[in-house]
Amino acid sequence: MRIARFSIDGNVAFGAVEDTPQGLVLDIIKGIPYADFELSGTKVPLSKVRLLPPVLPNKVVAIGRNYAEHAKELGNAAFDDQGRPEVPVAFFKPTTSVIGSGDAIEYPSFSNELHHEAELAVVIGRMCREVPRERVKDVIFGYTCANDVTARDAQQREKQWARAKGFDTSCPLGPWVETDLDPADLTIQATVNGEQRQLGRTSDMIRSIEDLVVHITEAMTLLPGDVILTGTPAGVGPLNVGDEVAVTIEGIGTLTNKVVKRG
């Protein structure tokens, strides 16, 4: 099932996305999607609503250098004898960085080198910590597309990644959450103004989703709606004001955002 969060006539709701002969429609959900819910039967055309970020996470935990070719293109070191980073590289993106499909990415004033990073995002469905590997699927609500927008020059200059990856609008998510999906081998693609920039597969991840959930929940509690970004394949590159960047993941859909000047 595809679950979207949207606004219409000033009201915010969740809905199940349905494909009909007349186009995509949303069947409004009674309650919240993380618990047992019912479909109301009240349906609105997707074209009549504004899509919002599909979740409002308490936190976004992102993983860097989880695709070997991407790590190499940035010149990252500290690999083990199997060619993997010695430990998963984790960082946070604040809730104020989250935007939805169709929202604008604001080019930060402190950067001259903004990059796109197409990623598969994992959405958590229940409160959890110290999750054993065999229970990881039980705590996952679903999957969505993400763009880990990065001020690359600030990342390199400041070493700490808080500003480079946490500025407002740096975490587009959407267009919806797909709850019925095998994430093991999906195509991930990023285009800028229709030109392909990134093309990879989730099967190329150095560490699996199970690895990442176990690793993260050893340290912290995850809450319903929290998001894990699983890393980006090779091909990251520049974004300029006026560009339209699209992240497409097989089985989910396409997340599209335009870059605008901040202010």
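Definitions and limits used
- Residues numbered from 1 in each chain as written.
- Predicted model: local features only at pLDDT ≥ 70, side-chain atom pairs only at ≥ 80, totals over all residues.
- Heavy atoms only, no water.
- Pairing = 2+ DSSP bridges.
- Helix = DSSP H or I, 4+ residues; strand = E, 2+ residues; numbered from the N terminus.
- Axes fitted to C-alpha atoms, helices over the stretch in contact; angles between N-to-C directions.
- Disulfide = S-S within 2.5 Å.
- Buried < 20%, exposed > 50% of the residue type's maximum accessible area, 1.4 Å probe, protein only.
- Contact = heavy atoms within 4.5 Å.
- Phe/Tyr/Trp six-rings, centres within 6.5 Å; stacked < 30°, edge-to-face > 60°.
- Lys NZ or Arg CZ within 6 Å of the ring centre and 35° of its normal.

1. What to know about the sheet that holds strand S9 (residues 104-107)
Logical step 1: Strands sit in the order S9-S20-S19-S15-S16 across an open sheet of five strands; the sheet is mixed. Every other strand in the sheet has two partners, leaving S9 and strand S16 (195-201) as the edge strands with one partner each. Shown here is a sheet whose adjacent strand axes are inclined to one another by a mean of 20 degrees, direction ignored.
Logical step 2: Here strand S19 (residues 244-249) runs beside strand S20 (residues 253-261); their pairing, made up of six bridges, is antiparallel. Across the sheet, the residue bridging to alanine 246 is threonine 256, located in S20.

2. With respect to the state of the cysteines
Logical step 1: Taken as a whole, this structure holds zero disulfides when the rule is applied.
Logical step 2: Cysteine 171 provides the cysteine sulfur closest to cysteine 145, a residue in no disulfide bond, and the two sulfurs are 12 Å apart.
Logical step 3: Given the relative accessible area of 0%, cysteine 171 is considered buried.

3. A few points about helix H5 (residues 209-217)
Logical step 1: Along H5, the residues that are buried comprise Ile209, Leu212, Val213, Val214, Ile216 and Thr217.
Logical step 2: Where H5 is buried, its residues meet strand S6 (60-64), strand S11 (118-124), helix H2 (136-139), strand S12 (140-147) and strand S17 (227-229).

4. Considering the environment of alanine 219
Logical step 1: With respect to the helices and strands, alanine 219 occurs in the loop between H5 and S17.
Logical step 2: A relative accessible area of 65% places alanine 219 in the exposed class.

5. Examining the sheet that holds strand S10 (residues 114-116)
Logical step 1: Reading across the sheet, the three strands line up as S13-S10-S18 and stay open at both edges, with antiparallel pairing between neighbours. The open sheet has two free edges, formed respectively by strand S13 (150-151) and strand S18 (237-239), since each of these has just one partner strand.
Logical step 2: As defined by bridge partners, S10 adjoins S18 across three bridges and the pair is classed as antiparallel. When the sheet's bridge partners are listed, histidine 116 is paired in S18 with glycine 237.

6. Side note on the pairing of S19
Logical step 1: Where strand S15 (residues 187-192) lies against S19, five bridges are found, and the strand directions are antiparallel. The residue bridging threonine 191 from the neighbouring strand is alanine 246, located in S19.

7. Comments concerning the environment of lysine 261
Logical step 1: Tracing the backbone through its elements, the reader meets lysine 261 in strand S20.
Logical step 2: Along the primary structure lysine 261 and aspartate 168 are separated by 93 residues, whereas in three dimensions their C-alpha atoms are 13 Å apart.

8. A closer look at the packing of aromatic side chains
Logical step 1: Enumeration according to the criterion identifies three aromatic pairs in this entry.
Logical step 2: Summarising the aromatic geometry, the rings of phenylalanine 91 and tryptophan 161 are spaced 5.1 Å apart at their centres and angled 70 degrees between planes, so their arrangement reads as edge-to-face. Here phenylalanine 91, found in strand S7 (residues 89-93), pairs with tryptophan 161, found in the loop between helix H3 (152-158) and helix H4 (162-166); they are 70 residues apart in sequence, far enough to count as distant. Comparing phenylalanine 91 with tryptophan 161 shows no difference in burial state: the two are buried.
Logical step 3: Ring centres 6.2 Å apart and planes at 80 degrees place the aromatic pair phenylalanine 110 and phenylalanine 167 in the edge-to-face group. Of the two residues, phenylalanine 110 sits in the loop between S9 and S10 while phenylalanine 167 sits in the loop between H4 and strand S14 (171-178), which places them 57 residues apart along the sequence.
Logical step 4: A residue is classified by how much of its surface remains accessible, and phenylalanine 167, at 5% relative accessible area, is buried.
Logical step 5: Lying across the ring of tryptophan 176, arginine 2 places its NZ or CZ 5.1 Å from the centre.

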